[in-house]
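Architecture and fold: a report
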Amino acid sequence: MTSRDNVDSSAAAVDPLGPLRTPQEPACDVFLTGTVFLDIIFTGLDSAPVRGTESWARGMGSSPGGVANMATALARLGLRTSLAAAFGDDHYGEYCWDALEQGEGIDLSMSRTIPGWHSPVTVSMAYEGERTMVSHGHEAPPPAGPGPFPQCPPRARAAVAALGPGGGEPWIAEAARRGARVFADVGWDESGRWDLGALADLEHCEAFLPNAGEAMRYTRTECPRAAARALAERVPIAVVTMGPEGSYAVDGRTGETAHVPGIAVDELDPTGAGDVYVAGFVTGTLAGWPLADRLAFAGLTAALSVQEFGGSLSAPGWPEVAHWWRSAPAGLRGRYAFLDDLIPTPATPAARRRAVPTIGFRHSA
């Protein structure tokens, strides 16, 4: 197993944690681990593909996917992000590594390249406001040594985890024990049991951010707000996302609640929007913002992301947030006035890498 040296990327336009940083604080803001996919995204389909026919998409993009969506979203918001993942020993793996490390400044010192293992791939088709995905891959061989990482895990302000039923992931409990604030989402329960008690790692979490469908099934409730209140009895902060209706949160420690409506945009591709939402909420929480401001910022970043191709490379940074704020509708300016104190004047022009139809050209355009 091999590892490439880190290459620093250009600094983020805004450091949301700048006023809070001290020499005693961890060098890592957020740690996460998971599977990196090479995503191939088709957009502009008028309908779902029909068996026995050929469908042509009006748009296509390629980008790192899977856990790379969350890692990129965090890094683009100015958080020092460390990712532990396996990378394939192929062109796809090399592209994903370079895009994350050199393009986004993500720390991959705990990641590894595995000789002879090919990168997992997902093909995503976006149509009618939804997406359908087909994936292929094989589980990566376990790393040598006693634990899943060289250090298990690094000391960090926060960690982001995807929960699932079962005995839990030992690294999540260890991250919490070492002082990390754990933020978690959850996937669809294929078993259909929707047993909240089976999410063993929930007890280690600072915040839990399911969508409305997941939250209501886990809590056996009939509306997202009731689900959030029920979840707040199990975790300090419960956030339920509701698509165009925005999100609703309950702070179980203080009893505070907040609801922020969604922002209407022309949606191109929803891939990765949930990850971007979580990244925005993590940013605001670590920076100490009020609960409603955290929901507003998370919803804004997710809304900006769906206007671009793909998951990871659709994530907005502060330049995109600044561009939106300069032309924000009058009806939203009060709700998002907190951005005035965050965005530098003049803001740095946006110059982000975006998903393109191929993974790399031989010569620069």
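As the structure is a prediction and not an experimental result, all values here were calculated from the model. (Residues numbered from 1 in each chain as written. Predicted model: local features only at pLDDT ≥ 70, side-chain atom pairs only at ≥ 80, totals over all residues. Heavy atoms only, no water.)

So, about the overall build of the protein chain. Each helix and strand in the protein chain was counted, giving 8 helices and 14 strands. Intrachain contacts of the protein chain at a sequence separation of at least 6 include 69% that bridge at least 24 residues. (Helix = DSSP H or I, 4+ residues; strand = E, 2+ residues; numbered from the N terminus. Contact = heavy atoms within 4.5 Å.)

Tallied over the full model, the rule gives 11 salt bridges. In this structure, the salt-bridge partner of R58 is D46, at a minimum N-O distance of 3.1 Å. Placement of R58 in the loop between β2 (36-43) and β3 (59-66) and of D46 in the loop between β2 and β3 is noted, with a sequence separation of 12 residues between them. A relative accessible area of 61% places D46 in the exposed class. (Salt bridge = Lys/Arg side-chain N within 4 Å of Asp/Glu carboxyl O. Buried < 20%, exposed > 50% of the residue type's maximum accessible area, 1.4 Å probe, protein only.)

A word on unusual backbone geometry. For W194, which is not glycine, the phi torsion reads 50 degrees and is therefore positive. Examined against the element boundaries, W194 turns out to sit in the loop between β10 (181-186) and β11 (205-208). Look at W194 and you get buried, because its relative accessible area is 7%. The backbone phi angle of R220 is positive, close to 55 degrees, even though this residue is not glycine. Position of R220 relative to the elements: it lies in the loop between α4 (212-219) and α5 (224-231). A residue is classified by how much of its surface remains accessible, and R220, at 56% relative accessible area, is exposed.

Next up on the list: the sheet that holds strand β8 (residues 130-136). The strand order across the open sheet built from 4 strands is β3-β2-β7-β8, with neighbouring strands paired in mixed fashion. Strands at the two margins of the open sheet, each flanked by one partner only, are β3 and β8. Strand-to-strand twist across the sheet, computed as the mean angle between neighbouring axes with direction ignored, equals 20 degrees. In this sheet, strand β7 (residues 121-127) lies alongside β2 in parallel orientation, the contact comprising 5 bridges. Residue pairing in the sheet places F42 in a bridge with M125 of β7. Contacts from helix α1 (residues 67-76) reach β2 and β3 within the one sheet, and its direction differs from that of β3 by about 90 degrees. (Pairing = 2+ DSSP bridges. Axes fitted to C-alpha atoms, helices over the stretch in contact; angles between N-to-C directions.)

Here the protein chain shows a mean pLDDT of 88. Residues at 70 or above account for 89%. Taken together, the stretch residues 1-11 has pLDDT below 50 and engages in 28 contacts with residues farther than four places along the chain or on a different chain. (pLDDT = per-residue confidence, 0-100.)

This brings us to the packing of α1 against helix α6 (residues 273-286). Packed helices, taken two at a time, are described by their axes: the angle between them and the distance between them. Put simply, α1 and α6 touch, their axes get as near as 8 Å, and they point 40 degrees apart. Considering their axes alone, α1 and α6 lie oblique with respect to each other. Here the hand of the crossing between α1 and α6 comes out right-handed. Of the residues in α6, those touching α1 at N69, M70, A73 and L74 are D275, V276, V278, A279 and V282. Looking at side-chain class alone, the contact of α1 with α6 contains 7 nonpolar, 1 polar and 1 charged residues. (Parallel < 35°, antiparallel > 145°, perpendicular 65-115°, else oblique. Left-handed = near helix turned anticlockwise from the far one by under 90°. Nonpolar A, V, L, I, M, F, W, Y, C, P; charged D, E, K, R; others polar.)

A word on the environment of Y218. As for its position among the elements, Y218 is in helix α4. With 21 residues separating them in the primary sequence, Y218 and G197 have C-alpha atoms 9.2 Å apart. Apart from the residues within four sequence positions on either side, Y218 is in contact with V186, D189, W194, D195, L196 and L199.

Time to look at the sheet that holds strand β12 (residues 237-241). Strand pairing in a sheet relies on backbone hydrogen bonds, with the paired strands running either antiparallel or parallel. Read across the open sheet, the 8 strands follow the order β4-β1-β9-β10-β11-β12-β13-β14; overall the sheet is mixed. Each edge of the sheet is formed by a strand with only one pairing partner; in this case those strands are β4 (81-84) and β14 (257-260). In this sheet, neighbouring strand axes are inclined to one another by 20 degrees on average, regardless of whether the strands run parallel or antiparallel. As judged from the 3 bridges shared by β10 and β11, these two strands associate in the parallel manner. Along β11, the bridge assignment pairs F183 with A207.

The next subject is the nonpolar core. Formed by 69 residues in total, the largest nonpolar core has its most connected members in L83, F281, Y336 and L339. Of the residues forming this core, the biggest block, 9 residues, is contributed by helix α7 (residues 291-305). Apart from residues lying up to four places away in sequence, F281 is in contact with F183, A207, L209, I237, V239, L291, R294, L295 and A298. Membership of the second largest hydrophobic core comes to 34 residues, among which are A161, V182, A238 and Y248. (Core = buried A, V, L, I, M, F, W, Y, C linked by side-chain atoms within 4.5 Å.)

Next up on the list: α1. For α1, the buried fraction is high: 10 of the 10 residues fall into the buried class. Buried within α1 we find V67, A68, N69, M70, A71, T72, A73, L74, A75 and R76. At the exit of α1 stands G78, carrying a positive phi of roughly 95 degrees.

What follows concerns the pairing of β3. Of all 8 residues that make up β3, 6 are buried, and the element is covered over most of its length. Pairing of β2 with β3, which is carried by 8 bridges, proceeds in the antiparallel orientation. Residue pairing for β3: F42 is matched across the bridge by M60.

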